[in-house]
Amino acid sequence: MTHLTHTTLVERMLSHRAREVRQGFPRQTSIPMSGMITLSTGTPDFPTPAHIIDAAKRALDDRHTTYTEWVGIPELRRAIADKLARDNHLTITPDTGVLVTTGTQEAIQVICKTFLDPGDEILIHAPYYDEYRRDALIAGARLIPVPTGEADNFAVDAKEIAARITARTKALIVISPSNPTGAVQPRAALERIAALAVERDLIVVADEIYEKFVYEGTRHHSLASFPMLSDRTITINGFSKHYSMTGFRIGYIAAPPDFIQAMLPVKHGMTICAPSISQWAALAALTGPQEWFEEVLAEYDRRRRLWMDALNGMGLTYGHPQGAYYLYVNVSSTGLTGPEFARRLREDYRVIIGSGGSIGPEWETYVRGSLAVPFESLRAGLERVAEAVTRFRQARA
Ligand code: PLP
C-alpha cells in the first residue's frame, strides 16, 4: 500500500470548487511586525462602545447562551425593522422580513447558495470587494464584473450592466458606499439601475454595510426604498464597521418574506442561528446612543483629507472618495504594478498596503488605502509612501 504524504492527499482530494476559490486568496498578515505601518486595513481602529460591551456581558449573566430563533431574537428583528424605517425608508415586517446572520459575510453566502446554480451569473460593479467572487464560486456560479472608472468616481453605468446580462444572469450586486473605492453611487445612477433590474427581471442585492460612512454632505440611498425595487431587493448590512463590532460576527438580511423563507434553510445549514450574545449586543447598538459616531466620522474625514493631500502632493491619482473608509489609488505613474508597489513598500519601507490585482488585470495598477489607521500612524505611513514614490520615479528616469 502506498502512503501518500498529507499534502498529496489534500491536493488529490481537493474539490474543483475549492481549487478555484483559493486562487488569489490572501495570506493572513494580522501578526503585528514591529515598525510596520498598515495602510490598507478593513477593521475599524475605534473600540466597540462600552454600552455594547456591557450588553454582551449582561447577555452572558442572563444565560442567553442557547440557540435562538433561527431568524434571530424578536427584539433584535424589531429594532432592525425600526432602524430600516427610520434611516432607510423601508417598510419591513420584523416577523417575516428580517434574517439575522453571522456577519454580513454569511448573508452574502446565504444569498449565493440560495439563488445561484452552477453556471449562473451574478453581476457586480468593479472594482469590488473580492469576497464576492469567492462566494459566487462556492455556489458554482460566476461573478461578472461591470467596469467603472476612476475618472467619474467609479459611478455605475446601467448601459455597461445591460451589455453583460445573459440568459444566465440572475442578480446584480450594488455596494454603496463601496469597498474598495469609497464611491457612493449617485441617485440618478441608482434610478437607471432600478429600471434595468425591473426590465430584465433581476434580483438586486444592496450591500449597505458602509452606509453611515459618507462625507461632504453626500447622501446614501437604499435601493430597496425605490418602490419599483421593493419586491426584488435583498438588503444586507452589519454591525462590524459602524459599531466597531467585527469580532461579534453579526449582520442581517432584510427582504420580502418569500425571499427570507427561501433563504432560511440555507442559513440554518450554515450556522443554525447568529451568535446569541452578539444578537443582544447588536440590540444595544441599535437602541442605544448614536451621537458618539459623529466624532468617529469626523476623525475618518480628517484622515480622508490627509490621504488626499498626501496623494495630491505625490502626484498619484485616485477616485474622489465620498464614502466608506477607503481610497483606490492608481500607482501606474511610478512605473510599478500594484503588487510590485505593495511588495517594495513592505520590504523597503515597512508599509503594508493591499493591491487590486486579484480583481482583474485592469486593476493591476491600483492599491487600496484605508482610513481606519490612527492619524499619527497614517501621517508617518504616508511620509514613507511619499519617499518611496520619489525613489521609484527617480529609478525609472
Ligand atoms: N461587505 C463589504 C462590502 C465588506 O467590506 C465587508 C467586510 O469588509 C463585508 C461585507 C463583511 O462584513 P462582516 O464583518 O459584517 O461579515
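In case you missed it, the structure is sitting above this.
Going along each chain's sequence as written, the residues are numbered from 1 onward. Residues qualify for local features only when their pLDDT is at least 70, as the model is predicted, and side-chain atom pairs are given and counted only at 80 or more; totals for whole chains, interfaces and linings, by contrast, use all residues. Think of the side-chain values as coming from all heavy atoms in the structure, minus any hydrogens and water.

Moving on to the overall build of the chain. Runs of E in the DSSP output that reach at least two residues are strands. Runs of H or I that reach at least four are helices, and both are numbered from the N terminus. Scanning the chain from N- to C-terminus turns up 13 helices and 13 strands. What you see for the chain is a C-alpha radius of gyration of 22 Å, in line with the 21 Å of a compact globule of 397 residues. Only heavy atoms matter for contacts: two residues are in contact if any of them lie within 4.5 Å across the pair. Of the contacts made within the chain by residues no fewer than 6 positions apart, 77% connect residues no fewer than 24 positions apart. Counting 43 positive and 45 negative side-chain charges, the chain places the centres of these two groups 5 Å from one another. Note on method: radius of gyration uses C-alpha positions; expected globular size equals 2.2 Å times residues raised to 0.38. Charge counting treats Lys and Arg as positive and Asp and Glu as negative, with His and both chain ends excluded. In plain terms, the charge of a residue is placed at NZ if it is Lys, CZ if Arg, CG if Asp and CD if Glu.

When DSSP finds at least two bridges between two strands, those strands are taken to pair. Read from one edge of the open sheet, seven strands run β2-β8-β7-β6-β5-β3-β4, paired in mixed fashion. Every other strand in the sheet has two partners, leaving β2 (98-101) and β4 (142-147) as the edge strands with one partner each. Ignoring strand direction, the axes of neighbouring strands in this sheet form an average angle of 25°. Inspection of the sheet shows β2 paired to strand β8 (residues 251-254) by four bridges, in the antiparallel sense. By the bridge assignment, Val 100 is partnered in β8 with Tyr 252. Orientation is described by lines fitted to C-alpha atoms, with helices fitted over the stretch in contact, and by angles between N-to-C directions that extend from 0 to 180 degrees. Helix-sheet contacts for helix α6 (residues 131-138) involve β3 (121-126), β4, β5 (169-175), β6 (203-207) and β7 (233-238), and the interaxial angle to β4 is about 145°.

The next point concerns the site of the ligand. Near is defined per residue: the residue qualifies when any heavy atom it owns lies within 4 Å of the molecule or strand. If you check the shell around the ligand, you find Gly 103, Thr 104, Gln 105, Tyr 129, Ile 175, Asn 179, Asp 207, Ile 209, Tyr 210, Ser 240, Lys 241 and Arg 249 and nothing else. Pairing of N or O atoms within 3.5 Å defines a polar contact, subject to two protein rules: one partner must be a possible hydrogen donor and the other a possible acceptor, and residues neighboring in sequence count only if both atoms are side-chain atoms. One nitrogen or oxygen atom from the side chain of Tyr 210 is found 2.8 Å from an oxygen atom belonging to the ligand. Isolated, the ligand exposes 400 Å² of accessible area, and the fraction of that covered by the protein chains is 93%. Each residue is assigned to one class: nonpolar for Ala, Val, Leu, Ile, Met, Phe, Trp, Tyr, Cys and Pro, charged for Asp, Glu, Lys and Arg, and polar for all the others, Gly among them. Partitioning the shell around the ligand into residue classes produces four nonpolar, five polar and three charged. Surface exposure here means Shrake-Rupley accessible area, sampled with a 1.4 Å probe, where a residue is shielded only by the protein chains that are shown.

Turning to the pairing of β8, a few remarks are in order. Here's how the labels work: a residue is buried when its accessible area is under 20% of the maximum for its type, exposed when over 50%, partly exposed in between, all with a 1.4 Å probe on protein chains only. Of the two faces of β8, the one lined by Gly 251 and Ile 253 and the one lined by Tyr 252 and Ala 254 are each fully buried. Examined bridge by bridge, β7 and β8 share four bridges and lie antiparallel to one another. Counted as the bridge partner of Ile 236 is Ile 253 from β8.

In this section: helix α4 (residues 74-88). If you check α4, its first and last C-alpha atoms are 20 Å apart, about what 15 residues at 1.5 Å a residue would give, namely 21 Å. Among the residues making up α4, those that are buried are Leu 76, Arg 77, Ala 79, Ile 80, Ala 81, Lys 83, Leu 84 and Asn 88. Of the surrounding elements, those touching the buried residues of α4 are β2, β7, β8 and α10 (276-287). Multiplying 1.5 Å by the helix residue count minus one yields the expected span of that helix.

Looking at the element boundaries, Asp 207 is found in strand β6. Of the side chains with opposite charge, Lys 241 lies nearest to the buried Asp 207, which makes no salt bridge, at 9.1 Å. At 3.2 Å, the side chain of Asp 207 forms a polar contact with the backbone nitrogen of Ile 209. Not counting residues up to four positions away in its chain, the partners in contact with Asp 207 are Thr 104, Ile 108, Tyr 132, Val 174, Ile 175, Ser 176 and Ile 236. The term salt bridge refers to a side-chain nitrogen of Lys or Arg lying within 4 Å of a carboxyl oxygen of Asp or Glu.

This paragraph deals with the sheet that holds strand β9 (residues 317-318). Strand order in the open sheet formed by four strands is β9-β10-β13-β12, with antiparallel pairing between adjacent strands. Where the open sheet ends on each side, the last strands, each with one partner, are β9 and β12 (354-355). Here two bridges tie β12 to strand β13 (residues 366-370), and the two strands are oriented antiparallel to one another. In the strand pairing of β13, Gly 354 is matched with Arg 368.

Before going further, it helps to spend a moment on the environment of Leu 316. Turning to its location among the elements, Leu 316 is positioned in the loop between α11 (292-314) and β9. Using a relative accessible area of 4% as the deciding quantity, one classes Leu 316 as buried. Along the primary structure Leu 316 and Val 331 are separated by 15 residues, whereas in three dimensions their C-alpha atoms are 6.3 Å apart. Setting aside its immediate chain neighbours within four residues, Leu 316 contacts Leu 311, Val 329, Asn 330, Val 331, Ser 333, Thr 334, Val 389 and Arg 393.

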